[in-house]
Amino acid sequence: MKDLCSIAIDGPAGAGKSTVARIVAEKLGFEYVDTGAMYRAYTLKVLNMNLDPENRDHVLSILEDTDIDFMENHIYLDGKIVDDEIRDNKVSKQVSYIASIKEVREKMVEIQQLIAKKRSVVMDGRDITTVVLPKANFKFFVTASVEERGRRRFLELQSKGIKDITLEEIIGDIARRDNIDSNREESPLTLTEDSVLVDTTSLTIEESVDRIISIVKEGRLDCSTQ
Ligand code: DC
């Protein structure tokens, strides 16, 4: 019997974590789990139900009746795929507050840990190395300068035809989210001592992927794959 293996990746918004994590998972035959998408899906539901996303009681009123899962590169909200809807700017603007609520986090962490008990995973987020998979086989902290992260997001939006936001506004939004994610009371984003730092500021996606894969290969683990 091969082992279940886990690769935990944390880092700030826009560092290229998800792109890199998805490719690493594909190359290794592991399941990719985008935990940010899960917090986004919860936020989408709060907004769709016209609840106040900054009112804790409103946010928690749907906790028991909400079903969220991430499978085969898709995010499910109450059984429906919501991959596109969760990327909407209105979701991005509200998600940090909702992700700071303890009860919401506890529910998401439970789901994430269950997934990692069934499959070898590459999981990315903000608390994966610290809370969700503290005993992961490999831990990485993927980051880039705030200016570079802003520039990448700006180019991405431009390529989608979204031109009503300036580079400065995007950098401001990212810095605000960094601040909330790193300074919140519940499971703040932290670079742990046992994580390998991957600064992608001047790396291509392939170079970032190669760096992670070569470290994993050095570990010579016999992991179960899909
Ligand atoms: O990675 P992302 O931008 O899609 O994450 C969306 C938000 O969710 C972001 O504010 C950080 C938060 N998040 C979190 O608190 N814990 C995670 N494991 C993943 C994301």
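Use the structure listed above.
Computed from a predicted model, the values in this text were never measured in an experiment.

Novice: Before we go on, may I ask you to explain the pattern of salt bridges in this structure?
Specialist: Side-chain pairs of opposite charge can arise where the charged atoms are in close proximity. Tallied over the full model, the rule gives 18 salt bridges. Close ionic contact of Lys-45 with Asp-78 constitutes a salt bridge, the shortest N to O distance being 2.7 Å. Of the two residues, Lys-45 sits in helix H2 (residues 35-48) while Asp-78 sits in the loop between strand S4 (74-77) and strand S5 (80-81), which places them 33 residues apart along the sequence. Using a relative accessible area of 11% as the deciding quantity, one classes Lys-45 as buried. Residue classification places Asp-78 among the partly exposed positions, given a relative accessible area of 38%. One network of salt bridges, in which partners are shared, links Lys-93, Asp-173 and Arg-176.

Novice: Got a minute to help me understand the site of the ligand in this structure?
Specialist: Taken together, 16 residues surround the ligand, and among them Arg-40, Arg-105, Asp-127, Arg-177 and Arg-184 come closest. Between Ser-96 and the ligand, the recorded distance is 2.9 Å, taken from a side-chain N or O atom to an oxygen atom. Between the ligand and the protein, one listed contact pairs an oxygen atom with a side-chain N or O atom of Arg-184 at 2.7 Å. Protein contacts shield 95% of the accessible area of the ligand, which totals 450 Å² for the unbound molecule. Ranked by the residues each element gives to the shell around the ligand, the list is headed by H2, at four residues. For the shell around the ligand, the class distribution of residues is four nonpolar, four polar and eight charged.

Novice: Even after reading the chapter, I still don't get the sheet that holds strand S3 (residues 68-71), so can you show me in this structure?
Specialist: Across a sheet, paired strands are connected by hydrogen bonds in the backbone, their directions being either parallel or antiparallel. Spatially, S3-S4-S5 is the arrangement adopted by the three strands of the open sheet, whose pairing is antiparallel. Sheet topology places S3 and S5 at the edges, where each strand pairs with a single neighbour. Sheet analysis places S3 next to S4, joined by four bridges and oriented antiparallel. Bridging across to S4, Met-71 finds its partner in His-74. On the sheet, H2 packs against S3 and S4 and is oriented at approximately 35° with respect to S4.

Novice: What am I meant to see in the side chain of Asp-181 here?
Specialist: Along the chain, the position of Asp-181 falls in helix H8 (residues 167-183). Look past the residues within four positions of Asp-181 in its chain and what remains in contact with it is Ser-96, Arg-126, Pro-188 and Leu-189.

Conventions we followed
Residues numbered from 1 in each chain as written. Predicted model: local features only at pLDDT ≥ 70, side-chain atom pairs only at ≥ 80, totals over all residues. Heavy atoms only, no water. Salt bridge = Lys/Arg side-chain N within 4 Å of Asp/Glu carboxyl O. Helix = DSSP H or I, 4+ residues; strand = E, 2+ residues; numbered from the N terminus. Buried < 20%, exposed > 50% of the residue type's maximum accessible area, 1.4 Å probe, protein only. Near = heavy atom within 4 Å. Polar contact = N/O pair within 3.5 Å; in protein donor to acceptor, adjacent residues only side chain to side chain. Areas by Shrake-Rupley, 256 points an atom, 1.4 Å probe, with all protein chains shown as cover. Nonpolar A, V, L, I, M, F, W, Y, C, P; charged D, E, K, R; others polar. Pairing = 2+ DSSP bridges. Contact = heavy atoms within 4.5 Å. Axes fitted to C-alpha atoms, helices over the stretch in contact; angles between N-to-C directions.

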